[in-house]
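Residues per chain are reported as follows:
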Amino acid sequence: MERDELAAWLRLEQTPGVGSATARRLLAAFGLPQQVFAASRAAVAQVASPSQCAALQAPPAGLADLLETTWQWLQEAPQQRRVLTLGDGHYPQSLLQMEDPPLLLYAIGPDWVWRSGGLNQSRSHGLAVVGSRNPTAQGALNARQFAQALARAGLTIVSGLALGVDGAAHEGALDGAPEGQLATIAVVGTGLDRVYPKQHRELAHRIAQRGILLSEYPLGTPPLSANFPKRNRIIAGLSRGTLVVEAALQSGSLITARLAVEQGKEVFAIPGSIHATQARGCHALIRQGAKLVESAQDVLEELQLDLAPAWQAPTPPESASEHEDSLLQALGFSPVGLDALLARTGLDTPTLQARLMELELAGLLARLPGGLFQRLAQG
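What you see is a predicted model; the values in this text were computed from it and never measured.

What counts, and at which threshold
- Residues numbered from 1 in each chain as written.
- Predicted model: local features only at pLDDT ≥ 70, side-chain atom pairs only at ≥ 80, totals over all residues.
- Heavy atoms only, no water.
- Pairing = 2+ DSSP bridges.
- Helix = DSSP H or I, 4+ residues; strand = E, 2+ residues; numbered from the N terminus.
- Contact = heavy atoms within 4.5 Å.
- Axes fitted to C-alpha atoms, helices over the stretch in contact; angles between N-to-C directions.
- pLDDT = per-residue confidence, 0-100.
- Salt bridge = Lys/Arg side-chain N within 4 Å of Asp/Glu carboxyl O.
- Buried < 20%, exposed > 50% of the residue type's maximum accessible area, 1.4 Å probe, protein only.
- Phe/Tyr/Trp six-rings, centres within 6.5 Å; stacked < 30°, edge-to-face > 60°.
- Lys NZ or Arg CZ within 6 Å of the ring centre and 35° of its normal.
- Arc of directions from axis to C-beta.
- Parallel < 35°, antiparallel > 145°, perpendicular 65-115°, else oblique.
- Nonpolar A, V, L, I, M, F, W, Y, C, P; charged D, E, K, R; others polar.
- Polar contact = N/O pair within 3.5 Å; in protein donor to acceptor, adjacent residues only side chain to side chain.

A.B. asks: So what's going on with the sheet that holds strand 6 (residues 212–215)? Residues and values would help.
C.D. replies: What the nine strands build is an open sheet, ordered 1-2-6-5-4-3-7-8-9; its pairing is mixed. Strand pairing shows two members of the sheet lacking a second neighbour, strand 1 (81–85) and strand 9 (291–292), which therefore form its edges. Here three bridges tie strand 5 (residues 184–187) to strand 6, and the two strands are oriented parallel to one another. Across the sheet, Ala186 pairs through a bridge with Leu213, a residue of strand 6. The strands touched by helix 6 (residues 63–76) within the sheet are strand 1 and strand 2 (104–108), with strand 1 carrying the most contacts at an inclination of about 125°.

So this is what it looks like as structure tokens:
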């Protein structure tokens, strides 16, 4: 992309009062943004309102600085960094079918990804994996194991780089995807010149090597709360379906699921404990028609994809001692407190605490806030 072309696209996107719907009408009427700005005010008035026509007459404040910042950002890594416009061949075709496709997408990914199809690879093999920012230990493990298995089977995992389920899904995809496969796409709610949350800086670097970091927001955009629900339409749009791992009833993950339904795509949900607030959103989705899944293979079969074999539902470990077996049975798979375990097992407090420590060190148990314990199913 030439600098003048980038300047025109940024000017159209940044003009106050001209939303994406009006911008698309202008592009449909006149062609490229340069032609929009070259058109007479009378011609533009056939498409835009009087206030929008007035705003389009002069460059918006801050445009020169944004142009310089964006241009320099592109020049620093021209093979990896891209600004994709609606007319760009690398712009994902699946997003063009949405009601509100972004005018511009900022992207970072290795050169081989762009040469092999870029974002359009997700059109047939993308799966959104989303869920709580504060998952249970089992929820985070499920997200990672499902993503790892599905990536190993050939799917590209799409998520939002948030804490919790999103981060676990990206990590699982990077661990599972074979070399040369687009492992994961992270759709973020900030400009790509920053990483949010900061804890995911190293993860973002790994994604940039084997996947794509994607944003509709200009460089310099901070983590504004309104941006994160909005970006969920892109997560849903890039995917064949959406898998919700864990979600409370007010979770943003349910927004992604709703958008997937509106786009005519499949929604999957992993059931959880009836006592866990993080499972209630998944249970609500299942009641509304989402597909209940217990293994990665369930997802592949529903999508009618005949890919590589995937991970199956975990089975209880067989290596525990007789005492540990009874304690595992007492734990079940729902969070439980020490008093309840004392009543279930009949063990004295020191013995029970020692057994719990053994299971925790063996990776079979997680300690949760509030003095609760949860058994972990291992893949």
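A.B. asks: Now, about the pairing of strand 12 (residues 372–375): what can you tell me, with residues and values included?
C.D. replies: With two bridges connecting them, strand 10 (residues 336–337) and strand 12 associate as antiparallel partners. Note on strand 12: the bridge partner recorded for Gly337 is Leu372. Summarising the sheet, strand 11 (residues 365–368) and strand 12 pair through four bridges and their orientation is antiparallel. Looking across to strand 12, one finds that Leu365 is bridged to Arg375. The hairpin formed by strand 11 and strand 12 contains three residues between the paired strands, and Gly370 there has a positive phi angle of roughly 85°.

A.B. asks: So, the confidence of the model for the chain: which residues are in play, and what are the values?
C.D. replies: Summarising the model, the chain shows a mean pLDDT of 90, and 94% of its residues fall at 70 or more. Taken as a whole, residues 311–323 scores under 50 in pLDDT and shows 22 contacts with residues more than four places along the chain or in a different chain.

A.B. asks: Talk me through the pattern of salt bridges; I want residue IDs and the actual numbers.
C.D. replies: In total, this model carries 13 salt bridges according to the counting rule given. Close ionic contact of Glu358 with Arg355 constitutes a salt bridge, the shortest N to O distance being 3.5 Å. In this pair, Glu358 and Arg355 are both assigned in helix 18 (residues 349–361), three residues apart and thus about one turn of the helix distant. Taking the relative accessible area as the measure of exposure, Glu358 reaches 35% and is therefore partly exposed. A salt bridge links Glu360 to Arg367, with the shortest nitrogen-to-oxygen separation between them at 2.6 Å. The network of salt bridges with common partners includes Arg24, Asp100, Glu216 and Arg233.

A.B. asks: Kindly report on the packing of aromatic side chains, identifying the contributing residues and their values.
C.D. replies: For the coordinates displayed, the defined rule picks out one aromatic pair. Taken together, a centroid distance of 5.7 Å and an interplanar angle of 45° make the contact between Tyr196 and Phe228 tilted. Here Tyr196, found in the loop between strand 5 and helix 11 (201–210), pairs with Phe228, found in helix 12 (residues 227–237); they are 32 residues apart in sequence, far enough to count as distant. On the accessibility criterion, Tyr196 (42% relative accessible area) is partly exposed. Given the relative accessible area of 12%, Phe228 is considered buried. Against the face of Phe37 rests Arg11, its NZ or CZ located 3.9 Å from the ring centre.

A.B. asks: Outline helix 2 (residues 20–30), supporting the account with residue identities and numerical values.
C.D. replies: Taken together, the buried positions of helix 2 are occupied by Thr22, Ala23, Leu26 and Leu27. One face of helix 2 carries all of its buried residues, which in axial projection span an arc of 140°. Packing partners of the buried residues in helix 2 comprise helix 1 (3–14), helix 3 (33–38), helix 4 (41–44) and helix 5 (50–55). Positioned one or two residues after helix 2, Gly31 has a phi angle of 100°, which is positive.

A.B. asks: So what's going on with unusual backbone geometry? Residues and values would help.
C.D. replies: That bond from Tyr196 to Pro197 is cis: its omega, 0°, falls within 30 degrees of zero. Mapped onto the fold, Pro197 is located in the loop between strand 5 and helix 11. Positive phi, normally seen in glycine, also occurs at Leu161, with a value near 65°. Mapped onto the fold, Leu161 is located in the loop between strand 4 (156–159) and helix 10 (165–176).

A.B. asks: Which residues make up the sheet that holds strand 10, and what values do they have?
C.D. replies: Pairing in this open sheet of three strands is antiparallel, and the strands run 10-12-11 from one edge to the other. The open sheet has two edge strands with one neighbour each: strand 10 and strand 11.

A.B. asks: So what's going on with the packing of helix 17 (residues 338–345) against helix 18? Which residues, and what values?
C.D. replies: The description of two packed helices rests on the angle between their axes and on the distance between the axes. Between helix 17 and helix 18, the shortest axis-to-axis distance is 11 Å and the interhelical angle comes to 105°. It follows that helix 17 is roughly perpendicular to helix 18 by the angle criterion. On the side of helix 17, the interface is formed by Leu338, Leu341, Leu342 and Thr345, while helix 18 contributes Thr349, Leu352, Gln353 and Leu356. The class makeup of the residues in the contact of helix 17 with helix 18 is five nonpolar, three polar and no charged.

A.B. asks: How would you explain the side chain of Gln52 if you had to name every residue and give the values?
C.D. replies: Relative to the elements of secondary structure, Gln52 occurs in helix 5. Of the polar contacts made by the side chain of Gln52, one reaches the backbone nitrogen of Ser49; its length is 3.0 Å.

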